[in-house]
Amino acid sequence: MRRVSVAALVLGVLGTPAAPAAPAAPATPAAPPRPAGYRSAPDARPVRAGAVLPGPGTYTDSIARGETRTYRVRLDGSSNVFLSAVLAPAPGSAVDVVDGVSLSLRTASGLLCGMRTDIRLYGDTPRPVADYVSRRVEAGRDCQEAGEYDLVVEGVGRGGDDGRRGPWRWDLELGYVVEPAPGPGDGPPPAPTVWSTEPPASFGEGSAGSGRAAHGGTGFNDAAPLAGAGTWRDELRPGESRFYRVPVAWGQQLFARARFGNAAAPPGRSALPDGLRLALYNPARGAVDERKGLYTGDPATLLLATAPAAYANRSEGATDAVSAMRFAGSYYLQVSLDRQAPTAVPIALDLALPSVSAAWAGQEDAGPARGSGPVFGSDSASGSGPVFGSDSVSGSGPGSRSARGDAAAPGPDPVLRAVGIAGISTGTVLVASLAAWPLLATRLSRSRSRARPRPRGRHARGA
């Protein structure tokens, strides 16, 4: 009895054995937080179509696909003016590769002042995109007279007829910049014709983990200042763009490299085309250049290199990317990650700013060239940048040229081609052509040595 009582007592204290616990349901991974939307300038003034933009500053509106919005601007007859548009779809918006705006400056009678500028998303991830149109005061260019002009913004894109999305309406930020006029006798020196396409030997020597911490902004108005050469660390969330402000002086090149760290592979596919982007804008918010790469989850690198900043690039630049390096001041780097990336990605930004001003401007030192033109905003990252800040992007990639002339070396001359074809037709013309060839080639060679290649696209006329 005692043994039974003890056993009963033990069972009573401990209780009956518990049933095995049911396996816990797998936790559903939390969706990545949505990126912050584009922050407009604190002093931006709201406007509506038909309004007068009274002068330099920042203005906000919105635009829909298929809509045309016109704003009036009064220009004098002596200032260079740059009018920019930033299209900023809200994070999470359904976008199409051809969505965007077309931007043009016109006379009151409707005549175009130079080329129309097309600003497109060129992807299915919403992100801020920008560019400008301009009126330059220079003999032989369009729209030189003082008076009232129209800034025309047209919303473009495919319709939502496939049922996946409806008509869009997105935020629009307009920038109005008047370029400071050069002082008396401040004629700019010629643009450099030779520069390095290879970054300095010390470029990005440190590891990504050894860089300084930075937190990029949502756009031009809150871009994080990066004080010159070095390495900075940040992190991109899916669908996010981050902006950084970099001071570039006259005669300086900018080498920028974005290093994307290890992350998760995209679910259900091996890669996201153009899932990584590195873009550069000039102080007037004009598109300079862009690099794109696959997102696979593996480490990846994008490298962007510019021509030296020179006032004369606006008329002597051989490509749009060279011509856009026409200012000294704050340039803007934009780093973007595809919305379908499953996780955040660590990034390291390497910057180098070698100066070539001494080589091409005849300076005794390598500082900013004298007489190079005005500076937009502060030339130091600690100061405030300009009030604001094409084809979408253009220009040859890094390593593709050793001199500006090489980037746009002319192809077979049409005159020589015509002479050669005619010579094939008959023996008589062949003999005459061969006899004339040395003289003709000499004349063309002399002509080429004097003439500079002209930029194409939005910088071809009136920009």
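Residues numbered from 1 in each chain as written. Predicted model: local features only at pLDDT ≥ 70, side-chain atom pairs only at ≥ 80, totals over all residues. Heavy atoms only, no water.

What follows is about the overall build of the protein. Along its length, the protein carries seven helices and 21 strands. Just so you have it, the protein exposes about 21300 Å², and 56% of that area is on carbon and sulfur atoms. (Helix = DSSP H or I, 4+ residues; strand = E, 2+ residues; numbered from the N terminus. Areas by Shrake-Rupley, 256 points an atom, 1.4 Å probe, with all protein chains shown as cover.)

Let's shift gears to the sheet that holds strand β10 (residues 169-178). Pairing in this open sheet of five strands is mixed, and the strands run β1-β3-β10-β5-β8 from one edge to the other. Looking at the sheet topology across the chains shown, the edges are occupied by β1 (45-46) and β8 (129-135). Bridge count for strand β3 (residues 57-64) against β10 is eight bridges, and the pairing is antiparallel. In the strand pairing of β10, D61 is matched with L172. (Pairing = 2+ DSSP bridges.)

Applying the stated criterion to the full structure yields 23 salt bridges. R116 is the salt-bridge partner of E154, the closest N and O atoms lying 2.7 Å from each other. Taken as a pair, E154 in strand β9 (residues 147-156) and R116 in the loop between β6 (100-107) and β7 (117-120) lie far apart in primary sequence, 38 residues in all. Using a relative accessible area of 22% as the deciding quantity, one classes E154 as partly exposed. The partly exposed category is assigned to R116, whose relative accessible area is 34%. Because the salt bridges share partners, they merge into one network encompassing R48, D61, E67, R69 and R169. (Salt bridge = Lys/Arg side-chain N within 4 Å of Asp/Glu carboxyl O. Buried < 20%, exposed > 50% of the residue type's maximum accessible area, 1.4 Å probe, protein only.)

Moving on: the sheet that holds β7. On the basis of which strands lie adjacent, the open sheet formed by five strands has the order β2-β4-β9-β6-β7 and mixed pairing. Of all the strands in the sheet, just β2 (52-53) and β7 have a single pairing partner and so form its edges. Two elements, β6 and β7, share four bridges in a ladder whose sense is antiparallel. The partner of V101 across the bridge, within β7, is I119.

Attention shifts here to the environment of L302. Along the chain, the position of L302 falls in strand β18 (residues 300-305). Along the primary structure L302 and R257 are separated by 45 residues, whereas in three dimensions their C-alpha atoms are 5.6 Å apart. Ignoring sequence-local partners within four residues, the contact set of L302 consists of A256, R257, A258, F260, L276, R277, L278, R291, K292 and G293. (Contact = heavy atoms within 4.5 Å.)

Looking now at the pairing of strand β20 (residues 345-352). Extensive coverage of β20 is indicated by the burial of seven of its eight residues. Pairing of strand β15 (residues 255-260) with β20, which is carried by six bridges, proceeds in the antiparallel orientation. Counted as the bridge partner of F255 is A352 from β20.

This brings us to the packing of aromatic side chains. Here the structure, examined in full by the defined rule, presents eight aromatic pairs. Measuring from ring centre to ring centre gives 5.2 Å for F220 and F243, while their planes differ by 55°; the resulting arrangement is tilted. Placement of F220 in the loop between β11 (212-213) and β12 (224-225) and of F243 in strand β14 (residues 241-248) is noted, with a sequence separation of 23 residues between them. The exposure classification of F220 matches that of F243, with both residues buried. A connected cluster of aromatic rings, assembled from ring pairs, spans F220, F243, Y281 and Y332. (Phe/Tyr/Trp six-rings, centres within 6.5 Å; stacked < 30°, edge-to-face > 60°.)

One finds L226, Y244, F260, Y331, L333, V335 and L351 to be the most contacted residues of the largest nonpolar core, which totals 41 residues. Secondary-structure elements contributing two or more residues to this core are β13 (230-236), β14, β15, β16 (272-281), β17 (287-295), β18, β19 (328-337) and β20. Looking at this core element by element, the count peaks at five residues for β19. Judged by nonpolar contacts, the second largest core, of 40 residues, contains V86, V129, L174 and F243. (Core = buried A, V, L, I, M, F, W, Y, C linked by side-chain atoms within 4.5 Å.)

The next subject is the confidence of the model for the protein. Residue-level pLDDT values for the protein average 76, and 65% of them are 70 or greater. Taken as a whole, residues 1-16 scores under 50 in pLDDT and shows one contact with residues more than four places along the chain or in a different chain. Residue range residues 358-371 is modelled with pLDDT below 50. Its contacts to residues more than four positions away, or to other chains, number 31 contacts. (pLDDT = per-residue confidence, 0-100.)

Here we come to the state of the cysteines. For the structure shown, the criterion picks out one disulfide. For C113, the disulfide goes to C143, at an S-S distance of 1.9 Å. Its S-S torsion of about -90° marks the bond between C113 and C143 as left-handed, since a negative value means left-handed. Taken together, the positions of C113 in the loop between β6 and β7 and C143 in the loop between β8 and β9 put the pair 30 residues apart, joining distant regions of the chain. Here C113 and C143 have matching classes, each one buried. (Disulfide = S-S within 2.5 Å.)

So, on to the environment of V356. Along the polypeptide, V356 turns up in the loop between β20 and α4 (357-361). Remark: the alpha-carbon pair of V356 and A307, spanning 49 residues in sequence, is separated by 9.8 Å. Among residues more than four places away in sequence, those in contact with V356 are G251, Q253 and P308.

Here we take up the side chain of R120. Positionally, R120 belongs in strand β7. Other than its neighbours up to four places away in sequence, R120 contacts V97, V98, D99, G100, V101, S102, V129 and V156.

The buried count for β14 comes to eight of eight residues, which makes it a mostly enclosed element. Across the two faces of β14 the burial is the same, with S241, F243, R245 and P247 and R242, Y244, V246 and V248 all buried. One ladder, built from two bridges, connects β12 with β14; its direction is parallel. Residue pairing across strands places A224 opposite Y244, the latter belonging to β14.

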